[in-house]
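Architecture at a glance
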Amino acid sequence: MKALLYLMLLLAAILLLGAGSFYIACFIVKLWTGCTMEQAGRKIHNRINGKVVYSFPTDAGFVEEVWENIRSIIGESRFQELQQLSTTKINRPLLYFGIKRCLPYIEVSVYYLNENEKRVISHVLKNTVALYLNLYGYCTQILTNWTIRHDLSMPVLSISYARNDEERRKLKILYQYMQKKINDKNNYPTDDETGENLYG
């Protein structure tokens, strides 16, 4: 009977030690990368299981952070209108992930009141994408472009990025092409079309 009790106590101690070690590891990853505890736990779990391929569309934390940032910028009332629009039968979601010109990109469709709000949305979303690219271990150089969704006559911010050396090369070529177009018009890059590397 005593042997069984000792065995149970030993098992409980091992479980507590394991849970404590995992929590400490998550905390260290959180401090190191700037992610949440949940994201840190997922990173450790994926690393242990050999699954280290990260993806924006499958990262619930990224999707939630994008919409929380939009809510903070445009306010609750307009955000509710945006949510209602997203439940209708539109051609594609307001937060869309795709491949264009052989590059992965994210599109966020959102109305803005003025140029200042547009700049704030651009800045916050670019920083959010760059932060997650950094967490994923990808190149943080991004290319942004505001256009209009023709199905809704709605502004849409497109953010292109690269996951590997080949895509990085294509992103650089695309950026140089867009720069040339801007220079040909004797203008400088604006917030509408910019390429940035926010994390070095």
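Please refer to the structure higher up on the page.
Figured I'd write up the structure that's included with this text. (Residues numbered from 1 in each chain as written. Predicted model: local features only at pLDDT ≥ 70, side-chain atom pairs only at ≥ 80, totals over all residues. Heavy atoms only, no water.)

A closer look at the overall build of the chain
The secondary structure content of the chain amounts to six helices and five strands. Along the chain, helices and strands appear, N-terminal first, in the series α-α-α-α-β-β-α-β-β-α-β. A burial count over the chain gives 34% of its 200 residues as buried. Considering only intrachain contacts with a sequence separation of at least 6, the fraction spanning at least 24 residues in the chain is 61%. For the chain, the accessible surface area stands at approximately 12,600 Å², while carbon and sulfur atoms represent 59% of it. (Helix = DSSP H or I, 4+ residues; strand = E, 2+ residues; numbered from the N terminus. Buried < 20%, exposed > 50% of the residue type's maximum accessible area, 1.4 Å probe, protein only. Contact = heavy atoms within 4.5 Å. Areas by Shrake-Rupley, 256 points an atom, 1.4 Å probe, with all protein chains shown as cover.)

Re unusual backbone geometry
A positive phi angle is found at Arg101, which is not glycine, with a value near 55°. Take Arg101: it is sitting in the loop between β1 (95-100) and β2 (103-109). If you check the backbone angles, Ser153 has positive phi at about 50° while not being a glycine. Checked against the element boundaries, Ser153 lands in the loop between β3 (141-149) and β4 (154-160).

A few points about the pattern of salt bridges
Per the stated rule, a full pass over the model turns up ten salt bridges. Across the pair Lys100 and Glu107 runs a salt bridge, and its minimum N-O distance is 4.0 Å. Using a relative accessible area of 35% as the deciding quantity, one classes Lys100 as partly exposed. Each of the salt bridges in this network shares a partner with another, and the network as a whole consists of Glu68, Arg71 and Glu76. (Salt bridge = Lys/Arg side-chain N within 4 Å of Asp/Glu carboxyl O.)

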